[in-house]
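# What the coordinates show
Residues per chain, in single letters:
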Amino acid sequence: MEAKDKKSKKKEEVEEEGSEEEEEEETFETHPALLEKYKTAATISNEALKYVISLCAAGADIAEICMKGDKKIEELVAKVYTSKKCKVTEKGIAFPTCLSVNEICGHFSPLKDESRKLVDGDMVKIDLGCHIDGYVGQVAHTIVIGANAEAKKVTGKKADVVIAARNCFEAAIRLVKEGNINNQVTKTIEKISGIYKTNPIEGVLSHNVKKHMIDGDDVIINKETTEQKVVEHTFGKHEVYVIDVIISTGEGKPKETEIRTTVFKRALENAYSLKLKHSRQFFHDISIRYPSMPFSIASLEDATSARVGVAECVNHDLLHMYPVLTEKTGEFVAQFKATIVLLPAGPLVLNGLPFEAANYTTEFKIEDKAIVELLALSLDRKKNKKEKKAAEAAAKKEEKKAEEPAKVEPAKVEPPKAEEKKAQTFNK
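Just so we're clear, the structure is a prediction, and the values are computed from it rather than from any experiment. (Residues numbered from 1 in each chain as written. Predicted model: local features only at pLDDT ≥ 70, side-chain atom pairs only at ≥ 80, totals over all residues. Heavy atoms only, no water.)

### Some points on the overall build of the protein
- Along the backbone of the protein there are 10 helices and 15 strands.
- Taken across its 428 residues, the protein has 45% of its residues classed as buried.
- Counting only contacts in the protein whose residues sit at least 6 apart along the sequence, the fraction spanning at least 24 positions is 78%.
- Summed over all atoms, the accessible surface of the protein reaches about 24,100 Å², with 51% contributed by carbon and sulfur. (Helix = DSSP H or I, 4+ residues; strand = E, 2+ residues; numbered from the N terminus. Buried < 20%, exposed > 50% of the residue type's maximum accessible area, 1.4 Å probe, protein only. Contact = heavy atoms within 4.5 Å. Areas by Shrake-Rupley, 256 points an atom, 1.4 Å probe, with all protein chains shown as cover.)

### As for the pairing of strand β15 (residues 346-349)
- Two strands pair when backbone bridges link them, and strand β14 (residues 333-343) and β15 are joined in this way by four bridges, in the antiparallel orientation. Bridging across to β15, L342 finds its partner in P347. (Pairing = 2+ DSSP bridges.)

### Let's talk about the packing of aromatic side chains
- Counted by the stated rule, this structure contains 11 aromatic pairs.
- Taken together, a centroid distance of 6.0 Å and an interplanar angle of 80° make the contact between F28 and Y38 edge-to-face. With F28 in the loop between α1 (2-25) and α2 (32-55) and Y38 in helix α2, this pair connects stretches of sequence that are 10 residues apart.
- Overall, F28 belongs to the buried group, its relative accessible area being 8%.
- What makes Y38 buried here is its relative accessible area of 2%.
- Among the aromatic residues, those joined into a cluster by ring pairs are F169, F336, F355 and Y360.
- Directly above the aromatic system of Y51 lies the positively charged group of K72, at a separation of 4.9 Å from the ring centroid. (Phe/Tyr/Trp six-rings, centres within 6.5 Å; stacked < 30°, edge-to-face > 60°. Lys NZ or Arg CZ within 6 Å of the ring centre and 35° of its normal.)

### A look at the nonpolar core
- In terms of nonpolar packing, the biggest core is built from 45 residues, with C56, L99, I126, F282 and I297 touching the most fellow members.
- Every element with two or more residues in this core is listed here: α2, α3 (62-77), β1 (91-101), β3 (123-132), β4 (135-144), α6 (277-289) and α7 (303-315).
- No other element matches the six residues that α3 contributes to this core.
- Look past the residues within four positions of I126 in its chain and what remains in contact with it is L49, V52, I53, C56, C98, L99, V139, A140, H141 and I143.
- If you look at the next biggest cluster of nonpolar residues, it comprises 36 residues, including V154, A164, A172 and V185. (Core = buried A, V, L, I, M, F, W, Y, C linked by side-chain atoms within 4.5 Å.)

### Concerning the pairing of β14
- Extensive coverage of β14 is indicated by the burial of 11 of its 11 residues.
- Along β14, one buried face is formed by V333, Q335, K337, T339, V341 and L343 and the opposite face, lined by A334, F336, A338, I340 and L342, is buried too.
- Where strand β8 (residues 240-248) lies against β14, nine bridges are found, and the strand directions are antiparallel. By the bridge assignment for β14, D244 is matched with K337.

### Things to note about the pattern of salt bridges
- A full pass over the atoms with the stated rule returns 16 salt bridges.
- Among the salt bridges present, the one from R289 reaches E74, with a minimum N-O distance of 3.5 Å. Highlighted residues: R289 in helix α6 and E74 in helix α3, separated in sequence by 215 residues.
- By relative accessible area, E74 is classed as partly exposed at 34%.
- Here D122 and R116 are joined by a salt bridge, their closest N and O atoms 2.6 Å apart.
- On the basis of relative accessibility, which here comes to 4%, the residue D122 falls in the buried class.
- A relative accessible area of 31% places R116 in the partly exposed class.
- Through salt bridges with shared partners, a single network forms among K37, D133 and K211. (Salt bridge = Lys/Arg side-chain N within 4 Å of Asp/Glu carboxyl O.)

### Here we look at the side chain of Q138
- Secondary-structure assignment places Q138 in strand β4.
- Non-local contacts of Q138, meaning those with residues more than four positions away in its chain, are made with F95, L128, G129, I214, V242, K337, A338, T339 and N351.

### Quick look at the confidence of the model for the protein
- The pLDDT averaged across the protein works out to 87; a share of 83% of its residues lies at or above 70.
- Overall, residues 1-23 carries pLDDT values under 50, and its contacts beyond four positions in sequence, including any with other chains, amount to zero contacts. (pLDDT = per-residue confidence, 0-100.)

### A short note on the state of the cysteines
- This structure, assessed with the given rule, holds zero disulfides.
- Sulfur of C56: no disulfide; nearest cysteine sulfur belongs to C66 and is 8.6 Å away. (Disulfide = S-S within 2.5 Å.)

Next up, the structure:
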């Protein structure tokens, strides 16, 4: 018994040392290949997002678009890190393609027989992600079907919530930098959303991410309440975050509905011997295809095994659920998401699409000077670096000038005038 305890203790020490080494490896300065994996995952998620947006039109089926989005991610990741020298063991979907419409807040990736078609004027939130060797790139964007800057501008509360969400997101990605605090971001989101008479959705968290981990412990909460608070955290160098901002025209208090949950993630901390054959087959399949990342059962070929298997797995805590939450009917929800890396030279936003500001018109305007200045800050790291160097050079020049002793000009002695000379001669 004692020998067994010593052995297990030794094993724990080795595992701890291994985990410490893993953490040390995730330093971009010493292992630049890690940053490249994040960048590649982010680029692929952006390309997949553009593709999904191109499919979003009146009459298009949501389930089909989600399926095509997932296939696009798999096609794109199959083209990268193909050499055996790369040592990339896994690559694929980090978050399944979800299209959440109007009041639906997120995680809508329906089965074919439970889908619906998009209609003109729908507000669509597209959310997806991919990973390379466990390093994720997640992204989300909001569009309105049929919106056009010239022929059909979006107005009213639809426009208000999209512009509010985008400005909250733009502020967040500027505040998430080394030395700042997570609660600063939350307070700014609250302030900006209030200007547009909108509310941040409760329960939404922006997580730090690591290898095979999309939901780290360090988080930014979208909205703080008396019941929902997070531990204060100072952002540090080499951290990676998925910034997720979701804003609503309603109260910001989403509720679960009868819509089937289709997005899940394995609960790696739990184990159970499943009884049903369909359940065992289902769990075996997802363990191979999605060992640590979220997935949608809509993407699985065997629908019967999926439906039966999910039920038993959930009952025995083998899966974490991503339920479909909604606001009240008639309200609208907008979302923007991107992956950001905190580098020594400053934060680097890896993905996300440009905002189609010309498509939206609102009567509200940000007049808070601090927020206006924050949103005006450039995200161009090269430009910021040049401006910083120029400012430092100018400051040094001024400092040097201040330190130099003032030059005393010698007094000028003017020669006497002709009349003065004449007077001097007469006096003699």
